[in-house]
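# Architecture and fold: a report
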Amino acid sequence: MASRALASCVRSVARAAARLNHGSAPLVSRQRPLSVLSCSQRTRWTQPVRISGPSVLQRRHYGDLPPLTLGSIEDRVMYVLKLYDKINPEKLQTVSHFMKDLGLDSLDQVEIIMAMEDEFGFEIPDAEAEKLMTPAEIVQFIADKKDVHE
Amino acid sequence: MILHTMARHSKLQKQVLSLYRQFLRAAQDKPGFVPRIRDEFRGNAAIKKSDVMHIEYLYRRGQRQLELLKDVNTKQLGTFSKSKEDGS
């Protein structure tokens, strides 16, 4: 019973993947098959169903944002900082300290952390926020919170 | 009272910074408040750290104003400026 339901899901996924692979070589011959489901003799279908790994994985339709990477986090952090009017974009580097190198004060640092909260969509508590003094530390903190490894 | 160095914030500094954060969050949707808030905090940043009475007075005043700002009936802030005209 469960195997029949599973096999039907696999068949619809393979069919969708085959539809998306239009114009190119057939599914089975091109990619390395990840697994082969052979149905038992009690089911109606007699052909094995092949799932092709990479193309199926690329076409999953989850309702979520693209996964974060360390590089993308750093790009977004630097972009937001360059938009801040009190920071000189030429002098800004990943390791530049807000107070010592860029001449900002603690009020500006609060504004910067709030801009980061808005950009990444999650709250940063005050106790940890006041310790983030360089863009590199912000990137590291966000990567820790969002479980981004590389 | 604002910090230019890496020294840890005192309790009062932390309270002021958290008040600043609450103000900016409450003022995000209401036009005209953010420049006023920033000017007010930055102007008062020049107060000496030892002048605790003044700082605490401003802090309590800020808390009362934050309640007003968070009130639903507060919509926006505007200012009048007097134009310099010659004659009457």
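An account of the accompanying structure is given in this report. Residue positions are given per chain, counted from 1 along the sequence in the order it is written. Going through the entries in the order they are written, you letter the chains from A and number the ligands from 1. Confidence filtering applies because this is a predicted model: local features only for residues at pLDDT of at least 70, side-chain atom pairs given and counted only at 80 or more, and all residues used for totals across whole chains, interfaces and linings. As a convention, hydrogens and water are excluded, and side-chain values are obtained from all of the structure's heavy atoms.

Think of a nonpolar core as a cluster: buried Ala, Val, Leu, Ile, Met, Phe, Trp, Tyr and Cys residues, connected wherever their side-chain atoms sit within 4.5 Å. For the exposure calls, accessible area comes from a 1.4 Å probe over protein chains only, and a residue counts as buried if that area is under 20% of its type's maximum, exposed if over 50%, partly exposed in between. With 25 residues, the main nonpolar core has Ile73, Val77, Leu81, Ile87, Ile112, Met116 and Ile138 of chain A as its most contacted residues. Secondary structure elements are taken from DSSP: a helix is a run of H or I of four residues or more, a strand is a run of E of two residues or more, and numbering for both begins at the N terminus. For this core, the secondary-structure elements that each account for two or more residues are helix 4 (70-83), helix 5 (106-120) and helix 7 (135-145) of chain A. Between two residues, a contact is recorded if the distance between any of their heavy atoms is within 4.5 Å. Discounting chain neighbours no more than four positions away, the residues touching Ile138 of chain A are Val77, Phe98, Ile112, Ile113, Met116 and Leu132 of chain A. Ranked by size, the runner-up nonpolar core spans 17 residues in total, among them Tyr20, Leu24, Ala26 and Ala27 of chain B.

A word on the layout of surface pockets. Each cavity reported here is a set of points on a 1 Å grid over the protein atoms alone in which a 1.4 Å probe fits but cannot get out, each pocket an open set with protein on both sides within 12 Å along at least five of seven lines, and each lining residue one with an atom within 4 Å of a point. Grid points are joined across faces, edges and corners, and a volume is the space filled by probe spheres set on the points. Counted as a void, the second largest pocket has a volume near 240 Å³. Here the term charged refers only to Asp, Glu, Lys and Arg, the term nonpolar to Ala, Val, Leu, Ile, Met, Phe, Trp, Tyr, Cys and Pro, and the term polar to all other amino acids, Gly among them. Broken down by class, the residue content of the lining of the second largest pocket amounts to five nonpolar, no polar and three charged.

Salt bridges are defined as contacts in which a side-chain nitrogen from Lys or Arg sits within 4 Å of a carboxyl oxygen from Asp or Glu. Tallied over the full model, the rule gives 15 salt bridges over all chains. With a closest N to O distance of 3.9 Å, Glu123 of chain A and Arg25 of chain B form a salt bridge. Separated into two different chains, Glu123 of chain A in the loop between helix 5 and helix 6 (126-129) and Arg25 of chain B in helix 1 (residues 11-26) make up a pair that spans both. By relative accessible area, Arg25 of chain B is classed as partly exposed at 24%. Residue Glu128 of chain A is joined to Lys145 of chain A by a salt bridge in which the shortest nitrogen-to-oxygen separation is 3.9 Å. Of the two residues, Glu128 of chain A sits in helix 6 while Lys145 of chain A sits in helix 7, which places them 17 residues apart along the sequence. Salt bridges sharing partners connect three or more residues here, namely Lys86, Asp105, Asp108 and Glu111 of chain A together with Arg38 and Arg42 of chain B.

Glancing now at the interface of chain B and chain A. Taken together, the contact between chain B and chain A spans 17 residues of the former and 23 residues of the latter. Interface area, chain B with chain A, both sides summed: about 1,800 Å², of which 52% is carbon and sulfur. There are ten salt bridges connecting chain B and chain A. Residue Glu117 of chain A pairs with Arg21 of chain B through a salt bridge whose shortest N-O separation is 2.7 Å. Any pair of nitrogen or oxygen atoms within 3.5 Å is treated as a polar contact; in protein, a donor-acceptor pairing is required on top of that, and neighbouring residues in sequence qualify only through side-chain atoms on both sides. Joining chain B to chain A, the criterion identifies ten residue pairs in polar contact (both at pLDDT 80 or more). When residues of the side of chain B that touches chain A are traced back to their parent elements, those giving at least two are helix 1 and helix 2 (33-44) of chain B. Broken down by element, the residue count for the side of chain B that touches chain A peaks at seven residues, all from helix 1 of chain B. Residues of the side of chain B that touches chain A, tallied by class, amount to seven nonpolar, five polar and five charged. Take the accessible area each of two parts loses on contact, using a 1.4 Å probe, and add the two losses: that sum is the buried area.

Residue and element names in this part refer to chain B. Note on geometry: axes are C-alpha line fits, over the in-contact stretch for helices, and angles between N-to-C directions span 0 to 180 degrees. The geometry of helix 1 relative to helix 2 is characterised by a closest axis approach of 10 Å and an angle of 165° between their N-to-C directions. By the criterion of interaxial angle, the relationship of helix 1 to helix 2 is roughly antiparallel. Handedness of the crossing formed by helix 1 with helix 2: right-handed. Residues Val16, Leu19, Tyr20, Phe23 and Leu24 of helix 1 touch helix 2, and the partners they reach there are Val34, Ile37, Arg38, Phe41 and Arg42. Tallied by class, the residues present in the contact of helix 1 with helix 2 amount to eight nonpolar, no polar and two charged. To sort the angles, those under 35 degrees are grouped as roughly parallel, those over 145 as roughly antiparallel, those from 65 to 115 as roughly perpendicular, and the leftovers as oblique. Helix crossings get a hand from a simple test, with the near helix turned counterclockwise from the far one by less than a right angle marking a left-handed crossing and a clockwise turn marking a right-handed one.

For the rest of this paragraph, the subject is unusual backbone geometry. The phi dihedral of Asp147 of chain A falls on the positive side, at around 55°, and the residue is not glycine. With respect to the element layout, Asp147 of chain A can be found in the segment after helix 7.

What follows is about helix 2 of chain B. In this scheme, a helix's expected span is set at 1.5 Å multiplied by one less than its residue total. The terminal C-alpha atoms of helix 2 of chain B lie 17 Å apart, and with twelve residues this matches the ideal 16 Å at 1.5 Å per residue to within 8%. Where helix 2 of chain B is buried, its residues contact helix 5 of chain A together with helix 1 and helix 3 (52-70) of chain B.

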